[in-house]
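# Commentary on secondary and tertiary structure
The chain contents come next:
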Amino acid sequence: MYRIGSGIDFHQLVEGRDLWIGGIKIPHAKGALGHSDADVLLHAICDAMLGALALGDIGMHFPDTDPAFKGIDSKILLAKTFSLIRKKGYSLVNIDSTLCLEAPKIKPHADKMRETIAAITELPLDAVSIKATTTEKMGFAGREEGLVAMATVLLKKDMEAA
Ligand code: MG
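Residues numbered from 1 in each chain as written. Predicted model: local features only at pLDDT ≥ 70, side-chain atom pairs only at ≥ 80, totals over all residues. Heavy atoms only, no water.

Okay, the environment of Ile72 next. Tracing the backbone shows Ile72 in the loop between helix 2 (58-61) and helix 3 (74-87). On the accessibility criterion, Ile72 (13% relative accessible area) is buried. Ile72 sits 37 residues away from His35 along the chain, and the two C-alpha atoms are 8.0 Å apart. (Helix = DSSP H or I, 4+ residues; strand = E, 2+ residues; numbered from the N terminus. Buried < 20%, exposed > 50% of the residue type's maximum accessible area, 1.4 Å probe, protein only.)

As structure tokens, then:
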């Protein structure tokens, strides 16, 4: 009836790229490097949904060697992943997530991210959680060389038609 999934993603932060997190563009001196728009949070959520149904990972479904996904808006990848789990007869119950980065501050943008993710995944706003932490200046995230996102999702099987 219920399936749980977890996802984690990492991207480098570099100058000359836009910073997309949670489906929105955040003004910042650096952006995430990747084949797509490199939205670390949406990628972690996609992986969590795929993991819940043992459907592999985002790299299998949307390979970074495929030119079709070059520069792609990760909201499209999230929508495609969501439609995959719907086709398998599941819907989402809730999403919890944590971003790990030194800068920028996530809090001013978190509600917009939550609204964006909730709209794509057909969830009420109070079923989409986005938390953020720093690493207290330690490691690659602390040096602002990269960022991390972790996500957990719960899926529920649709009721069988009587
Ligand atoms: Mg990624």
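After that view, the rundown keeps rolling.
Turning to the environment of Glu145, a few remarks are in order. Relative to the helices and strands, Glu145 resides in the loop between helix 5 (139-142) and strand 7 (146-157). Along the sequence, Glu145 and Lys88 sit 57 residues apart, while their C-alpha atoms lie 38 Å from each other. Those residues in contact with Glu145 that sit more than four places away from it in its chain are His11, Gln12, Leu13 and Phe140. At 2.8 Å, the side chain of Glu145 forms a polar contact with the side chain of Arg143. (Contact = heavy atoms within 4.5 Å. Polar contact = N/O pair within 3.5 Å; in protein donor to acceptor, adjacent residues only side chain to side chain.)

Summed over all chains, the structure comprises two aromatic pairs. Note on Phe10 and Phe140: the rings are 6.1 Å apart at their centroids and 50° apart in plane angle, and the pair reads as tilted. Pair noted here: Phe10 is in strand 1 (residues 2-15) and Phe140 is in helix 5, with a separation of 130 residues, a long-range link. (Phe/Tyr/Trp six-rings, centres within 6.5 Å; stacked < 30°, edge-to-face > 60°.)

Locating Asp9 in the fold gives a position in strand 1. Despite its burial, Asp9 pairs with no opposite charge; the closest candidate is Arg17, at 11 Å N-O. Of the polar contacts made by the side chain of Asp9, one reaches the side chain of His11; its length is 3.0 Å. When residues no more than four places from it in sequence are discounted, the contact partners of Asp9 are Val40, His43, Ala44, Leu147, Val148 and Ala149. (Lys, Arg positive; Asp, Glu negative; His and termini not counted. Salt bridge = Lys/Arg side-chain N within 4 Å of Asp/Glu carboxyl O.)

With respect to the secondary-structure elements, Tyr90 resides in strand 5 (residues 90-100). Along the primary structure Tyr90 and Pro67 are separated by 23 residues, whereas in three dimensions their C-alpha atoms are 30 Å apart. Leaving out residues up to four positions away in the same chain, Tyr90 has contacts with Met1, Arg3, Leu53, Ile85, Leu155, Lys156, Lys157 and Asp158.

Counting residues in hydrophobic clusters, the biggest one holds 46 residues, and the most contacted among them are Ile21, Leu41, Leu92, Leu99, Ile106 and Ile117. Looking at this core, the elements with two or more residues in it are strand 2 (19-21), strand 3 (24-26), helix 1 (40-52), helix 3, strand 5, helix 4 (107-121), strand 6 (128-133) and strand 7. If one sorts the elements of this core by residue count, helix 1 sits on top with 10 residues. Look past the residues within four positions of Ile117 in its chain and what remains in contact with it is Gly22, Leu41, Leu42, Ile45, Leu78, Ile95, Val128 and Ile130. (Core = buried A, V, L, I, M, F, W, Y, C linked by side-chain atoms within 4.5 Å.)

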